[in-house]
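Structural overview for review
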Amino acid sequence: MHFEARFSAVGGQGIILAGTILADASHILGLHAAGSPTYTAQVRGGPTKVDVIVDSDRILFPRTAAIDFFLSLATKSYLRFGDNIKPDGVVLVDPNLVEVPAEDREKYKNFYEIPIIQLTSDHMGRMVYTSAVSLGAMVALTDVVTEDAARQALKTRAPKGTEMYNMKAFSVGYDIAAKMKEKGEYVYSM
Amino acid sequence: MGSFTDTGGDIKFWPGNIVVAEAAVAAGCNFFGGYPITPSSEIAAHMAMLLPRNGGHFIQMEDEIAAMGSVVGASLAGAKSMTATSGPGLSLKLENLGFGYIVEAPCVVVNVMRGGPSTGLPTHPSQADVMQARWGTHGDHPTIALTPSFHQELYMETIRAFNLAEKFRMPVLLLIDEVIGHLSEGVVPPEPGSFEIINRIYSDVPPEDFVPYDTSNGDIPPFRPYFDGYRWHTTGLNHDHTGFPTTIAKDVEADERRHYRKVTEHRDEIDKIEWFLAEDADIGVFSFGSTARAAMVAVKQAREMGIKAGLMRPLTLWPFPNIQVNEWTNQVKKLVVPEFNLGQIVYEVERSVHSDMPIKRITKAGGVPIAPAEILAGIEEVA
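Read on for an overview of the structure.

**Regarding the overall build of chain B**
The number of helices and strands found in chain B is 13 helices and 15 strands. The C-alpha radius of gyration of chain B comes to 21 Å, within 12% of the 21 Å expected for a compact globule of 383 residues. Its C-alpha atoms give chain B principal-axis dimensions of about 70 × 50 × 40 Å. Here chain B holds 383 residues, and the buried ones make up 58% of them. Within chain B, contacts between residues separated by at least 24 positions form 76% of all contacts whose residues are at least 6 apart in sequence. For chain B, the exposed area adds up to about 14,700 Å²; of that, 53% sits on carbon and sulfur atoms. For chain B, the distance from the average site of its 30 positive side-chain charges to the average site of its 47 negative ones is 2 Å.

**Details of the pairing of strand β4 (residues 81-85) of chain B**
Residues and elements named next belong to chain B. The element β4 is extensively covered by neighbouring structure, given that 5 of its 5 residues are classed as buried. Direction of pairing for strand β2 (residues 31-34) relative to β4: parallel, over a ladder of 2 bridges. Each bridged residue has a counterpart across the sheet, and for Phe 31 the counterpart in β4 is Ser 81. Where β4 meets strand β5 (residues 107-115), 5 bridges bridge the pair, whose relative direction is parallel. The partner of Met 82 across the bridge, within β5, is Val 108. For the crossover from β4 across helix α4 (residues 87-103) to β5, the handedness is right-handed.

**Structural notes on the interface of chain B and chain A**
On the side of chain A, 21 residues touch chain B, which itself brings 29 residues to the contact. Between chain B and chain A, a total of about 2,300 Å² is buried, with carbon and sulfur atoms accounting for 64% of that surface. The salt bridge involving Arg 63 of chain A is made with Glu 178 of chain B; its shortest N-O contact spans 4.0 Å. Applying the counting criterion to the chain B and chain A interface returns 3 residue pairs in polar contact (both at pLDDT 80 or more). For the side of chain B that touches chain A, the secondary-structure elements that each account for two or more residues are α7 (178-182), β9 (184-187) and α10 (289-304) of chain B. Of all the elements, α10 of chain B adds the most residues to the side of chain B that touches chain A, at 5 residues.

**Focus on the packing of helix α1 (residues 15-28) of chain A against helix α5 (residues 130-141) of chain A**
All names here are of chain A. Axis separation between α1 and α5 bottoms out at 9 Å; the angle between their running directions is 50°. By the criterion of interaxial angle, the relationship of α1 to α5 is oblique. Crossing of α1 against α5: the hand is right-handed. Between α1 and α5, the contacting residues are Leu 17, Ala 18, Ile 21 and Leu 22 on the first element and Ser 131, Leu 135 and Met 138 on the second. Partitioning the contact of α1 with α5 into residue classes produces 6 nonpolar, 1 polar and no charged.

**Digging into the environment of Leu 164 of chain B**
Residues and elements named next belong to chain B. Looking at the element boundaries, Leu 164 is found in helix α6 (residues 151-168). A residue is classified by how much of its surface remains accessible, and Leu 164, at 5% relative accessible area, is buried. Ignoring any residue separated from it by four or fewer positions in sequence, one finds Leu 164 in contact with Ile 144, Leu 146, Arg 169, Val 172, Glu 269 and Ile 270.

**A short note on the packing of aromatic side chains**
Residues and elements named next belong to chain B. In this structure the tally under the stated criterion is 17 aromatic pairs over all chains. Their ring planes at 85° and their centres at 6.3 Å tell us that Phe 223 and Trp 232 sit as a pair that is edge-to-face. For the residue pair Phe 223 and Trp 232, the accessibility class agrees, reading buried in each case. Judged by centre distance (5.4 Å) and plane angle (40°), the ring pair of Phe 286 and Phe 320 falls under tilted. Taken together, the residues span a long stretch of sequence, with Phe 286 in strand β11 (residues 283-286) and Phe 320 in the loop between β13 (316-318) and α11 (322-328) at a distance of 34 residues.

**A closer look at the pattern of salt bridges**
Any two side chains of opposite charge can pair if their charged atoms end up close together. Evaluation of the coordinates by the stated rule reveals 29 salt bridges over all chains. In this structure, the salt-bridge partner of Arg 267 of chain B is Asp 271 of chain B, at a minimum N-O distance of 2.8 Å. One network of salt bridges, in which partners are shared, links Arg 6, Lys 49, Asp 51 and Asp 83 of chain A.

**Description of the sheet that holds strand β3 (residues 47-55) of chain A**
What the 8 strands build is an open sheet, ordered β6(A)-β5(A)-β4(A)-β1(A)-β3(A)-β2(A)-β9(B)-β1(B); its pairing is mixed. Sheet topology places β6 (110-113) of chain A together with β1 (12-15) of chain B at the edges, where each strand pairs with a single neighbour. Pairwise comparison of adjacent strand axes, ignoring direction, gives a mean angle of 20° for this sheet. Across 9 bridges, strand β1 (residues 2-10) of chain A lies against β3 of chain A in antiparallel orientation. Each bridged residue has a counterpart across the sheet, and for Arg 6 of chain A the counterpart in β3 of chain A is Asp 51 of chain A.

**Concerning the nonpolar core**
Ranked by internal contacts, the top residues of the largest apolar core, which has 86 residues, are Ile 43, Met 47, Met 82, Val 110, Ile 144 and Phe 286 of chain B. Taken together, domain 1 (12-187) and domain 2 (275-382) of chain B each give at least three residues to this core, which thus spans both. In this structure, Met 82 of chain B is in contact with Val 20, Ala 24, Cys 29, Phe 31, Phe 32, Gly 33, Ile 43, Met 47, Val 71, Val 108, Val 110 and Phe 162 of chain B, ignoring residues within four places of it in sequence. The next biggest cluster of nonpolar side chains, apart from the first, holds 47 residues, and it includes Phe 3, Val 133, Ala 149 and Phe 170 of chain A.

Thresholds, definitions, all that
- All residue numbers here refer to positions counted from 1 along the written sequence of the relevant chain.
- Here the convention is simple: chains get letters from A, ligands get numbers from 1, in the order in which they are written.
- For this predicted model, a pLDDT threshold of at least 70 governs which residues receive local features, and a threshold of 80 or more governs which side-chain atom pairs are given and counted, while totals over whole chains, interfaces and linings are taken from all residues.
- The side-chain values count all of the structure's non-hydrogen atoms but skip hydrogen atoms and water molecules.
- Only DSSP runs of H or I reaching four residues or more are called helices, and only runs of E reaching two or more are called strands; each is numbered from the N terminus.
- For the radius of gyration, the atoms used are the C-alpha atoms, and the globule rule reads 2.2 Å times the number of residues raised to 0.38.
- Exposure is judged per residue with a 1.4 Å probe applied to protein chains only, and the accessible area is read against the type maximum: over 50% gives exposed, under 20% gives buried, and values in between give partly exposed.
- Contacts are assigned to residue pairs with any non-hydrogen atoms lying within 4.5 Å of each other.
- The method behind every accessible area is Shrake-Rupley, applied with a 1.4 Å probe, and residues are considered shielded solely by the protein chains displayed.
- Neither His nor the chain ends contribute to the count of charged residues, in which Lys and Arg are positive and Asp and Glu negative.
- In this description, the location of a charge corresponds to atom NZ of lysine, CZ of arginine, CG of aspartate or CD of glutamate.
- Only strands that DSSP links by at least two bridges are regarded as paired with each other.
- For a crossover, the right-handed case is the one in which the path from the first strand over the helix to the second runs clockwise, viewed with the strands pointing away from the viewer.
- Accessible-area loss on putting two parts together, using a 1.4 Å probe and summing over both, is the definition of buried area adopted here.
- Counted as salt bridges are all cases of a side-chain nitrogen of Lys or Arg within 4 Å of a carboxyl oxygen of Asp or Glu.
- As used in this structure description, the phrase polar contact means that two N or O atoms lie within 3.5 Å; if the pair is within protein, one of them must be able to donate a hydrogen and the other to accept it, and residues adjacent in sequence are counted only when both atoms belong to side chains.
- Between the N-to-C directions of two axes lies an angle of 0 to 180 degrees, each axis being a line fitted to C-alpha atoms and, for a helix, fitted only over the stretch in contact.
- Here roughly perpendicular refers to angles of 65 to 115 degrees, roughly parallel to angles under 35, roughly antiparallel to angles over 145, and oblique to all remaining angles.
- In this scheme the handedness of a crossing depends on how the near helix is turned from the far one: anticlockwise by less than a right angle means left-handed, clockwise means right-handed.
- Residue type decides the class: Asp, Glu, Lys and Arg count as charged, Ala, Val, Leu, Ile, Met, Phe, Trp, Tyr, Cys and Pro as nonpolar, and the leftover types, Gly among them, as polar.
- Pairing of aromatic side chains requires ring centres within 6.5 Å, counting the rings of Phe and Tyr and the six-membered ring of Trp. Pairs whose planes differ by under 30 degrees are stacked, by over 60 edge-to-face, and all others tilted.
- Residues enter a nonpolar core if they are buried and are Ala, Val, Leu, Ile, Met, Phe, Trp, Tyr or Cys, with the set joined through side-chain atoms within 4.5 Å.
- Either an automatic procedure or a domain database provided the assignment from which the domain bounds are taken.

Printed below as a string of structure tokens:
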């Protein structure tokens, strides 16, 4: 098994944490993980990403070649980092924040549009849960790690006292994405 | 860069720079003197957090030069000391690194290599400081430099760097690069007590009889720290066993040769090589550090194509494993040397082998690491 995930956003949205939790969940399942964040002078507000490779064997070359899952929460990160995605990979964008080039909806077989930030705001009231909502949606749309492993990893990483809220946020993303996948819907509708 | 440093369970998902800091403290490091420089700064930041909690001291000095000075000074006061930097910083540290060699101050200097000469490519990797590590500071001196590739290995090699420094009373370099420094992967820190920790040999003579460079019992003089009642003179000038300067030719030469012997006579304790599919290889690939990871992929792919390729991956790059390379060339017919620079360590490979051995260089600059396909192409070309 070999899986390449890319979480992209603008600095400060907390997507690096989502990558870390994916890695932890992989470790729980006995898989190997390697994560490479972008490393630029732009920490807040600049386009940022983290690549996480998951493999059943030891990861030798730690850079991505063909991405299986791509998340974007900002147009500038979508344009900058939305390359090398497999045609049958899963693309997940927040349509309120990403102006998607129309042809991309045809280019990728599994192009999902879920208003992650709006959902986080509505259900959680705090944007700090964006990464947990994103992760939930990702786990539902891909089969890289199990829901149990992802929840366990998230719970362990969550700051004390926020475990319950993180679980709830994970469910928000997971339930919506799972339902869309089941129904074959690619654009979230309220 | 976000923080991966909190713990997620038994397997830590740490960037290489954090691995270095954690392992250093596990090895007994209790002093860090540094000056922030990309892409090594996370080591300093993490040490600033860890050391005060572990009874150690962290100090950010006014510049790279002073940082290296503080590390040598702390070592002479008995600390297990470390600094971390990148190429431009190491350029500034070199004078005091040489001071560390001549006064025989055990310490660890980490270089998280970045691209380019001068300020170069601060946020991108290279392996272009390998000759600087060997010959950067002036004069004759032995060098020990370690080049791990994987994070678990990085943890253990950081500990080994301290052990070698303490054992042979000399600075030891840990050469990684931006790829390793910022890559996060799983690490299981070993239980304290499950790995060897070597401490420098202390002299047990009374203060009035203490001779700071007493080599009557071997090439490594027993140590006494400053500030515990023993007084001794420290100088960057060539000195005799008393620690005071000398220009007597035979004493100077004998002392410089003794420094060399600390490494040349203990190669079996210093050399370390990992072999990968090398036993029956016809095409030998020689690669170290982050590039060796790409080389492993290329070797596997070559095998799938029916090419008998194998990898020699030195964890100790300096002293250079010239004998082991030479012996391997009795078996392999051709060599491929990928390195993330414009050709440095290949010179050492070339002079270690029979002169008619074909050697394919794979070199690169620009900040984008050598990919497996580039190495595979080199293997195919010579196969």
